[in-house]
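Summary of structural features
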Amino acid sequence: MEHPPQDAGERQPVTKKEITADNPTWCPGCGDFSVLSIYYKLIQKRNIPHENVITVAGIGCSSRFPYFVQAHGAHYIHGRALSFASGLSLSRPDLHVFTFGGDGDAFSIGGNHFVHTARKNVKMTYVVMDNFVYGLTKKQTSPTSPLGFKSKTDNWGAFDQPINPMKLAISAGATFVARTSHTNPKHLLEMMDVAMDHDGFSFIECLSECTEFFAGAFDSSNPRKGGEFKLMPEDHDPTDEAAAYAVAGEDFPGRFGIFYQIQRPTKNALEAGVIEDGHEDLRDEFAGCGRDGYQLVGICGAAHDGHPASRCAIRRSICSGPHAMPLSRTRQEQTSSCVTCVGSPG
């Protein structure tokens, strides 16, 4: 007989070996190695129970994350990782879902889902490893490629205005918006740690260099390459949306840190409230219903025979009077008692 899992505080922290799956298949020097390493460290630092680690990703180089983490996860459809992750978050509010993706997966084919997940404030953390290029398909212009970038799709130089991920996240309604870089692992861990504590949709843009198809793209933000890693101004108020938007508009490489953070109800909490209100209405409607020996004893948690789970009230005979019916009724008799009280069993 298996023993139930112990509380996290009573267990030994998982080791890196225990949470490491396949060896990463990224190119040598890829910034995604750093992000994966920090994710391992975060799991160990927070002492997250192994069975509570949830990793979701879409399609792309960075989206191979779930393959490299020995835990629950899904490598989902291109651009739809947030949709899948939303379902997980809403159905399992006891878990914290981490979603990973790249600039193409997040802002091109997945742009619509990014906007609506942000505005709905679904509780999860979304880390976008932005390398300014489509790397998996061998160097095409991505939504964040800078003007003039020459690729296989724009060999004359990109002239489409690139997306500003920070401005997009703030204007879409994300309640936590931060920015970091793979070249500063300490700062990256700090941002992921704070994001995990945020009650809502937390978004992190992480500059992650593609050494194969856009080498040197982020040298200006790397002090080891002569650049500058500029933190947010000390007097910045992260609850000021206008101020956050203004800082997001600074010339590249811009600032790093928490741009924006506020608290507002999550979709998780709001939907839970609607469901509970519906259950409460049913309890009130059928409270004390003892007609013909039956009464409401609970709310059914599963849909069956055309009855939605959220509106299904199953009654069971618990009376000892002359009209009592045994609990071992047939399925047909059970389902016929949904929503309205059954008639006399006699």
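Details of the structure are given in the entry above.
A brief look at the structure comes next. (Residues numbered from 1 in each chain as written. Predicted model: local features only at pLDDT ≥ 70, side-chain atom pairs only at ≥ 80, totals over all residues. Heavy atoms only, no water.)

Per the secondary structure count, the protein includes eleven helices and ten strands. The burial tally for the protein puts 46% of its 346 residues in the buried class. Considering only contacts within the protein whose residues lie at least 6 apart along the sequence, 66% involve residues at least 24 apart. Carbon and sulfur atoms form 53% of the exposed surface of the protein, whose accessible area is close to 17000 Å². (Helix = DSSP H or I, 4+ residues; strand = E, 2+ residues; numbered from the N terminus. Buried < 20%, exposed > 50% of the residue type's maximum accessible area, 1.4 Å probe, protein only. Contact = heavy atoms within 4.5 Å. Areas by Shrake-Rupley, 256 points an atom, 1.4 Å probe, with all protein chains shown as cover.)

Turning next to helix α6 (residues 111-120). Buried residues of α6: Gly 111, Phe 114, Thr 117 and Ala 118, and no others. In a view along the axis of α6, the buried residues occupy a sector of 130°, so they form one face of it. Next to the buried residues of α6 lie α4 (81-91), α5 (103-107), β4 (124-130), α7 (165-172) and β6 (201-207). Once α6 finishes, Asn 121 follows within two positions and takes phi at roughly 60°, a positive value. (Arc of directions from axis to C-beta.)

Let us look at helix α2 (residues 32-45). Helix length check: α2 (14 residues) gives 20 Å between terminal C-alpha atoms against 20 Å at 1.5 Å per residue, within 8%. Among all positions of α2, only Asp 32, Ser 34, Val 35, Leu 36, Ile 38, Tyr 39, Tyr 40, Leu 42 and Ile 43 are buried. Looking at the residues trailing α2, positive phi occurs at Asn 47, about 50°. (Expected span 1.5 Å × (residues − 1).)

Per the stated rule, a full pass over the model turns up 21 aromatic pairs. Taking 4.9 Å as the distance between ring centres and 85° as the angle between the ring planes, the aromatic pair formed by Phe 132 and Phe 218 counts as edge-to-face. Here Phe 218 lies in the loop between β6 and β7 (230-231) and Phe 132 lies in the loop between β4 and α7, a separation of 86 residues in the sequence. With respect to class, Phe 132 is no different from Phe 218; both count as buried. Measuring from centroid to centroid gives 5.6 Å for Phe 132 and Phe 252, while their planes differ by 55°, and the two rings are tilted. (Phe/Tyr/Trp six-rings, centres within 6.5 Å; stacked < 30°, edge-to-face > 60°.)

Now for the packing of α4 against α6. In the contact formed by α4 and α6, the axes pass within 8 Å of each other and the chain directions differ by 30°. Regarding the angle of α4 to α6, the classification is roughly parallel. In this structure, α4 uses Leu 82, Ser 83 and Ser 86 to contact α6, whose residues at the interface are His 113, Phe 114 and Thr 117. (Axes fitted to C-alpha atoms, helices over the stretch in contact; angles between N-to-C directions. Parallel < 35°, antiparallel > 145°, perpendicular 65-115°, else oblique.)

Attention now moves to the nonpolar core. Counting 30 residues, the largest nonpolar core has Val 35, Tyr 39, Phe 65, Phe 100, Met 192 and Ile 204 as its most contacted members. Residue assignment for this core shows that the elements contributing at least two residues are α2, α3 (65-68), β3 (97-102), β4, β5 (176-181), α8 (185-197) and β6. Ranked by the residues each element gives to this core, the list is headed by α2, at seven residues. (Core = buried A, V, L, I, M, F, W, Y, C linked by side-chain atoms within 4.5 Å.)

Another point: the sheet that holds β3. With mixed pairing, the eight strands of this open sheet are ordered in space as β2-β1-β3-β4-β6-β5-β8-β7. Two strands close off the open sheet at either side, each with one partner strand: β2 (72-75) and β7. Strands in contact with α6 are β4 and β6; relative to β6, the strand with the most contacts, it is inclined by about 135°. (Pairing = 2+ DSSP bridges.)

Attention now goes to the pairing of β3. β3 sits mainly inside the fold: six of its six residues count as buried. Both faces of β3 are covered, namely the face carrying Val 97, Thr 99 and Gly 101 and the face carrying Phe 98, Phe 100 and Gly 102. Judged from the four bridges that link them, strand β1 (residues 54-57) and β3 form a sheet pairing that is parallel. Bridge pairing links Thr 55 to Phe 98 in β3. Bridge count for β3 against β4 is five bridges, and the pairing is parallel. Within β4, the position partnered with Phe 98 by the bridge is Thr 125.

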